[in-house]
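Inside the fold
The chain contents come next:
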Amino acid sequence: MRVPGEKLYGALLHLYPKSFRSRYGAEMLAFYRERRRAGGAKVWPRVLIDLFLTTAAEHLRTLRVFRAPASSASSASTTELTMQTFRHTLRGLVRTPAFTAVVLLTLALGIGANAAIFSVVNGVLLQPLPFPEPDRLVDLRFQEPYWSVSEPEFKDFRRDLRPLEQLVAYTDYDANLEGDQEPVRISGARVSDGFFQVLGVEPLMGRTYAPDEQRPAQVPTPVIVISETVWRTRFGADPNILTREVRLNGVPRRVIGVMPAEFTFPNAATGVWLPLRLNYDSLWTRNNHYLLLVGRLRPGATAEQANLEANLLTRRWPGDFPETYGPGKPIIAEVKPLMERVLANSRPYLVTLLAAVGFVLLIACANVANLLLIRGEARRRELGIRTALGATGSRLVVQQLTESGVLALAGGGLGLLVAWGGLRALLSLAPATLPRLEQVKLDGAVLLFTLAVSLGTGLLFGLLPALRASRGDASSALRDGARSSSRGGSRMRRGLVMGEVALAVVMLSGAGLLVRSLLSLQQTDIGFDDSRILTARINLPPLNYDSDAKAIARIAEIEERVRALPGVVSAGTMGWTPVVGEGGTWSISIDGTEAPQIAGAPNADPLQVTPGYFGTLGVPMLRGRAFTEQDREDAPPVVIVNEAMAKALWPGQDPVGHTLKMYGNPGTPWVPIVGVARDILSRGVGKTTPPTMFFPYAQAGKSAYFVPRQVTLAVKTTGNPEALGPAVSRIVHQLDPGAPVSEVRSMEAVMGTALASRRFTTVLLGWFAALALLLAGVGIYGVIAYGVSQRTYEIGLRQALGADRGSVLGLIVTEGLRLTAMGLLIGLAGTLAAGQLIRSMLVNVKATDPLTLASVALVLAAVAALASWIPARRAMAVSPTEALRGG
Amino acid sequence: MPGSHDTPESHLPLRPVELLLLTMLTAGNRHGYGLRQDILDHTGGKIELEAGTLYRHIRRLEEAKLLAQATAPDDEDERRIYYRLTPFGQKVLAAELVRLRSLVRLAESRRIISPARS
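Residues numbered from 1 in each chain as written. Chains lettered and ligands numbered in written order. Predicted model: local features only at pLDDT ≥ 70, side-chain atom pairs only at ≥ 80, totals over all residues. Heavy atoms only, no water.

**Some points on the overall build of chain A**
Operational definition: Helical segments are the DSSP runs of H or I of at least four residues, strand segments are the runs of E of at least two, and each set is numbered from the N terminus. Exposed residues in this analysis have more than 50% of their type's maximum accessible area, buried residues have under 20%, and partly exposed residues fall in between, with area computed by a 1.4 Å probe over protein chains only. When checking whether two residues touch, look at their non-hydrogen atoms; a contact exists if any pair is within 4.5 Å. Computed with a 1.4 Å probe, the accessible areas rest on the Shrake-Rupley method; for each residue, only the protein chains presented here act as cover. The sign given to each residue is positive for Lys and Arg and negative for Asp and Glu; His and the chain ends receive no count. Working definition for charges: the position is that of NZ of Lys, CZ of Arg, CG of Asp or CD of Glu.
The number of helices and strands found in chain A is 26 helices and 21 strands. Across its three principal directions, the C-alpha atoms of chain A cover 105 × 70 × 55 Å. Within the span of chain A, comprising 887 residues, buried residues form 53% of the whole. Of the contacts formed within chain A by residues at least 6 apart in sequence, a portion of 82% connects residues at least 24 apart. Of the roughly 38500 Å² of accessible surface on chain A, a fraction of 59% belongs to carbon and sulfur atoms. Distance between charge centroids for chain A: 13 Å, based on 91 positive and 71 negative side chains.

Right, dumping it as structure tokens:
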């Protein structure tokens, strides 16, 4: 049996020199296993400290710094030496505050960014779902075009899917909730029997539904289960909540249970769970796909088996129910682990971000290593003298490693602060579409990760300078003299800078490609002008609006008063909001002929709109006319179709004058089409617009089944639309205090939700790339500045001999550019490789996009030129005589 | 390497942790984690060895031929590496304990600690 962290520990063992690892690695892993089993996760701090100290000591030993310790009397233990140098190190760091500050800042940014992103990845991707045995939970749905499941299909699955122990259904459901305060709109779910049992979650208080409460049989008072959040925010955490009644859509319901805060299924916003009453027997319902299913696998069964069986079942359906499933539309089931379904869209974004912060940290490491190398170079001469005077040669290496360890841990500590602040910023930026955000926090796992990263970072940036220091021999250090630096050290530093330039190139290119994708998506023509439009969801309580006429009159009244507000251009109302809402897909008949079976009937999405809709959104009519105030409830019904519908059903013809009707419903009339509206991206950017038919809101009860009681009001304004939000809410509240207004926001915000995840990733990646660029710039600056300081004499000599300033300046800047050019080439090659990884996230731009790559190269060249120009200028400010005297 | 000059006395004094390790091995063969637990028990939880430190000491003692790899005791996990005290290690341990005994006797005679009852 594996224990948690085994893999991580196994990986960390690679920090030891190979000889030690191959001899004791397996045993140490076995040691860890027993240690972890007995001691739990809290063993980690000790394990890590041990790891850092002993890996460092082993590397030193391999570097032959210590004599083979056959005789213990003569040599102090490594640990003692480390402790001894600890104070010395601290003193040294305090004495060079600028060096220490730069290193700590670099590390804090690098480690902090990693800790923050890791806490998101940990919360969203790594934490198991908060249900018992979450691996056995699966999601069952259909591939397009069906997506969700109908009641009879659910019944078939429930009966016949053997790999599943239990299968339950649920569906989203919004309602007006009246509690202590004024009514609010809340999200809820209607859930079938066994729902809470499948997920294995017990209520915080009270109970969940009894089986008879799920049946249509009349229960004296309907019951309701509420969330901890609703209990706390709407009922002041009333301890007697279980004796109370709440009103949901005007219907009194008895609260029978409160679910714990961590129960956030189907989503974090779910505030109430109502019984879902199923009617298996109607033929109609087999075509009514609206359920989502979640099941629990039998022990030992897999999602693949369930998937196979589900499809054996669905393959029979077209034969058994030809009236439901058309030959052109195969019905394919998809059974996937629930976790996979929850994360489907987020994983690539988060993995990209994690890779990006990893790069930032590597660049930070390279910079710190460079600083330490330069510092070590100075100390080498100091120690060369001391060694010659009889000090032990190992001292320098130990000091170097202790310094790395101290810096890494202090940087990690500061990094946690950065992560704490960064995480708050991150969560406020994060789109609501990112699932499981409520799980994201700085917890033990994040602390552990930060500690491990800090130690790993310390080894990474500390070993190279330590290795360098170990090669120090007294005579050569002395011979090299005070001003020159050794060749090996300079090669190492230049290599590091090349590496960080390469990493920065990969990051900048990745960010650039994503920015271009985002821009291209943002510039997509959405079919209407979404600027200066306010949207608000109005929820008329169905009990108070028992006739269509009441609802129609109320909406007209609201629109009229809103139009009278200063700064309002026009107002219109629609049944559902684009992108975030949907109105279903209905089967229809056209031009007087009814398809023999529903499978053969055409279909389209309905949208109920008031006459102000087209003008307010600015949707032009391509043919025919828009709705007018004359299209009243008692006027002859009319319908408008969109371009997509016109093309699908009347290709090459003018649909105006043709008729349509709800399929198989003799009560509804044949309705003439009076206009064709331009398509708008009603499902959002990057999605195809479905065929859509528009009904006048006032006539929808007659021609399109019903007049919706939940509608979206759209208001075109002259100024900032969101400023009008309170006034609009107030109007609705004045007209009907029982009708909550929700989702008050601009149309731009609504349309933007489709791109929210992408924008989040792109913005973050942009920031990280900027950080990488800054660090790379600092790295180039460091190497050039040090090189120049070593060459003050040479520069002075050149100037004394008459070289003009321009040529000397050019000499130094060219060197910086040469350094960058190598890194740039390696980075571009890396980009081509990494481009494959983000290709799935690119839109309208290739991973090899020459414009992006050229811009990146230019930006880096500019940064490199600037980074070498600054030290060059400073060197030339020194007068030649002074420079020559100094040499 | 134990050469002709490699007498038990040349290894004295032992480091405190190594004295503990060698002493614990006198009870029988142990693997690394077993040694840790023995020392933990013996010191009342005061000395908690972690893997890196422990195996560095083991490596040193192994190279000095004070302990050696051994077969697993009956009924124990055969895939793990067990250690035993070598005869030379036993001699070093004995020499160290004799040295400590004389030190303890001295302390007793000076009334720093009371003499053990025996």
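There's more to say after this.
**Side note on the overall build of chain B**
Across its full length, chain B holds 4 helices and 3 strands. Along chain B, helices (α) and strands (β) appear in the sequence α-β-α-α-β-β-α when read from the amino end. When the 118 residues of chain B are sorted by exposure, 46% land in the buried category. By sequence separation, contacts in chain B at least 24 residues apart represent 54% of the contacts at least 6 residues apart. Surface exposure of chain B reaches about 6700 Å², of which carbon and sulfur atoms provide 54%.

**What to know about the pairing of strand β7 (residues 251-259) of chain A**
Residues and elements named next belong to chain A. Just so we agree on the cut-off: Two strands are said to pair when DSSP picks up at least two bridges between them.
Note that strand β4 (residues 205-206) and β7 share 2 bridges and pair antiparallel. What sits directly across from Met205, in β7, is Val258. Where strand β6 (residues 245-248) folds back onto β7 in an antiparallel hairpin, the turn is made up of 2 residues, including Asn249, whose phi is positive at roughly 50°.

**A short note on the packing of helix α22 (residues 756-790) of chain A against helix α24 (residues 805-838) of chain A**
Residue and element names in this part refer to chain A. This is how it is decided: Inter-axis angles, ranging from 0 to 180 degrees, are taken between N-to-C directions of lines fitted to C-alpha atoms, where helices are fitted over the stretch in contact. Any angle between 65 and 115 degrees counts as roughly perpendicular, while under 35 counts as roughly parallel, over 145 as roughly antiparallel, and the rest as oblique. By definition, turning the near helix anticlockwise from the far helix through less than a right angle yields a left-handed crossing, and turning it clockwise yields a right-handed one.
At their nearest, the axes of α22 and α24 sit 11 Å apart, and the two run at 140° to each other. Accordingly, the angle class assigned to the pair α22 and α24 is oblique. Here α22 and α24 pass one another in a crossing that is right-handed. Contacts between α22 and α24 involve Ile780, Val783, Ile784 and Val788 from the former and Ile812, Glu815, Gly816, Leu819 and Thr820 from the latter.

**Structural notes on the interface of chain B and chain A**
Where interface size is given, it is often the accessible area lost as the parts come together that is meant. For clarity, the cut-off: Accessible area that two parts lose when put together, evaluated with a 1.4 Å probe and summed over both, is termed the buried area. Think of a salt bridge as a Lys or Arg side-chain nitrogen and an Asp or Glu carboxyl oxygen that are within 4 Å of each other.
Each partner contributes residues to the interface: chain B has 26 residues there, and chain A has 26 residues. Surface buried jointly by chain B and chain A totals about 2500 Å² across both partners, of which 48% is contributed by carbon and sulfur atoms. Of all residues in chain B, Tyr33, Glu50 and Arg56 of chain B give up the largest surface area on contact with chain A, accounting jointly for 27% of the area buried on that side. The interface formed by chain B and chain A contains 8 salt bridges.

**What about empty space enclosed by the protein?**
All names here are of chain A. The condition that has to hold: Put plainly, a pocket is an open set of points on a 1 Å grid over the protein atoms alone with protein on both sides within 12 Å along at least five of seven lines, a cavity is a set where a 1.4 Å probe fits but cannot get out, and a lining residue has an atom within 4 Å of a point. Grid points are joined across faces, edges and corners, and a volume is the space filled by probe spheres set on the points.
Under the definition given, this model contains 7 cavities of 30 Å³ or more. Within this model, the largest cavity holds a volume of roughly 120 Å³. Of all elements in the fold, only α17 (612-617) and β19 (692-696) reach the threshold of two or more residues within the lining of the largest cavity.

**A closer look at the pattern of salt bridges**
Considering all chains together, one arrives at 44 salt bridges over all chains under this definition. Of the charged contacts, one joins Arg162 of chain A and Glu309 of chain A as a salt bridge, the two residues approaching to 2.7 Å between their closest N and O atoms. Linking Arg162 of chain A in the loop between α6 (151-160) and β2 (164-178) with Glu309 of chain A in helix α9 (residues 303-320), this pair joins segments that are 147 residues apart in sequence. With a relative accessible area of 59%, Arg162 of chain A lands in the exposed category. One salt-bridge network, in which partners are shared between bridges, spans Arg35 of chain A together with Arg36, Glu48 and Glu50 of chain B.

**What to know about the confidence of the model for chain A**
Residue and element names in this part refer to chain A. Heads up, the condition is: Every residue gets a pLDDT, meaning the predictor's confidence in that residue, from 0 to 100.
When pLDDT is averaged along chain A, the result is 84, and 91% of the positions lie at 70 or above. Mean pLDDT across the elements of chain A bottoms out in helix α14 (residues 474-480) (53) and peaks in β19 (97). Confidence drops under pLDDT 50 across residues 65-80; counting only partners more than four residues distant or on other chains, this segment forms 24 contacts.

**As for the sheet that holds strand β1 (residues 30-31) of chain B**
Residues and elements named next belong to chain B. Taken in spatial order, the 3 strands make up an open sheet running β1-β3-β2, and their pairing is antiparallel. Looking at the sheet topology across the chains shown, the edges are occupied by β1 and β2 (67-70). Each of β1, β2 and β3 (82-85) is contacted by helix α1 (residues 16-25), which is oriented at about 90° to β3, the strand it contacts most.

**Re the side chain of Thr100 of chain A**
All names here are of chain A. Counted only if it meets this: Polar contact criterion, stated in full: a pair of N or O atoms within 3.5 Å, where within protein one must be able to donate a hydrogen and the other to accept it, and residues adjacent in sequence count only if both atoms are side-chain atoms.
Within the secondary structure, Thr100 sits in helix α5 (residues 97-126). Looking at Thr100, its side chain comes within polar contact range of the main-chain oxygen of Thr96, at 2.9 Å. Residues within four places of Thr100 in sequence aside, it is in contact with Leu93 and Leu407.

**Remarks on unusual backbone geometry**
Following Phe265 of chain A, the chain continues into Pro266 of chain A via a peptide bond in cis, with omega recorded as 5°. Secondary-structure assignment places Pro266 of chain A in the loop between β7 and β8 (272-275). The omega torsion across Leu12 of chain B and Pro13 of chain B is -10°, close enough to zero to call that bond cis. Among the structural elements, Pro13 of chain B can be located in the segment before α1.

**Describing the environment of Arg791 of chain A**
Residue and element names in this part refer to chain A. Among the secondary structure elements, Arg791 is positioned in the loop between α22 and α23 (792-800). Along the sequence, Arg791 and Leu607 sit 184 residues apart, while their C-alpha atoms lie 76 Å from each other. Ignoring any residue separated from it by four or fewer positions in sequence, one finds Arg791 in contact with Leu811 and Glu815.

**A short note on the side chain of Thr577 of chain A**
Examined against the element boundaries, Thr577 of chain A turns out to sit in the loop between β12 (568-574) and β13 (586-590). Within the local environment of Thr577 of chain A, its side chain forms a polar contact with the side chain of Thr712 of chain A, the two groups lying 2.7 Å apart.

**A short note on the pairing of strand β18 (residues 671-677) of chain A**
Residues and elements named next belong to chain A. Across the 7 residues that make up β18, a large majority, 6, are buried. Across 3 bridges, strand β15 (residues 621-624) lies against β18 in antiparallel orientation. In the strand pairing of β18, Gly624 is matched with Gly675. Two strands pair when backbone bridges link them, and strand β16 (residues 639-642) and β18 are joined in this way by 4 bridges, in the parallel orientation. From the neighbouring strand, Val639 faces β18, where its bridge partner is Ile673. The pairing of strand β17 (residues 659-662) with β18 spans 2 bridges and is antiparallel. Residue Leu660 lies in a different strand from β18, and its bridge partner there is Val671.

**What to know about helix α3 (residues 51-63) of chain B**
All names here are of chain B. This is how the line gets drawn: In this analysis, the expected span of each helix is defined as 1.5 Å times one less than the number of residues it contains.
An ideal rise of 1.5 Å per residue puts 18 Å on 13 residues; α3 measures up with 18 Å between its terminal C-alpha atoms. The element α3 is extensively covered by neighbouring structure, given that 11 of its 13 residues are classed as buried. Turning to α3, its buried residues number three or more, namely Ala51, Gly52, Leu54, Tyr55, Arg56, His57, Ile58, Arg59, Arg60, Leu61 and Glu62.

**Let's talk about the environment of Glu108 of chain B**
Structurally, Glu108 of chain B can be placed in helix α4 (residues 87-109). In this view, Glu108 of chain B contacts Ile113, Ser114, Pro115 and Ala116 of chain B; residues no more than four positions away in its chain are not counted.

**A few points about a nonpolar patch on the surface**
Residue and element names in this part refer to chain A. As a reminder of what qualifies: Nonpolar side chains (Val, Leu, Ile, Met, Phe, Trp, Tyr) are joined into patches within 5 Å and like charges within 9 Å, using only residues with over 30% relative accessible area and no salt bridge.
Together, Leu429, Val763 and Trp767 make up a nonpolar patch on the protein surface, roughly 320 Å² of accessible area in all. Mapped onto the elements, Trp767 comes out in helix α22. Its relative accessible area of 62% is what places Trp767 among the exposed residues.

**Points about the confidence of the model for chain B**
A residue-level look at chain B finds 92% of positions with pLDDT of 70 or above and a mean pLDDT of 87. We note a pTM of 0.71 for the whole complex and an ipTM of 0.89 for its interfaces.

**A closer look at the packing of α5 of chain A against α22 of chain A**
All names here are of chain A. The condition is simple: Three residue categories are used. Nonpolar comprises Ala, Val, Leu, Ile, Met, Phe, Trp, Tyr, Cys and Pro, charged comprises Asp, Glu, Lys and Arg, and polar comprises the others, including Gly.
The contact between α5 and α22 brings their axes to 12 Å, and the two run at 160°. Looking at the two axes, α5 sits roughly antiparallel to α22. Viewed along their axes, α5 and α22 form a crossing whose handedness is left-handed. Contacts from Thr106, Leu109, Ala113 and Ile117 of α5 reach α22 at Leu764, Phe768, Leu771 and Leu775. Each residue belonging to the contact of α5 with α22 can be placed in one class, and the counts come to 7 nonpolar, 1 polar and no charged.

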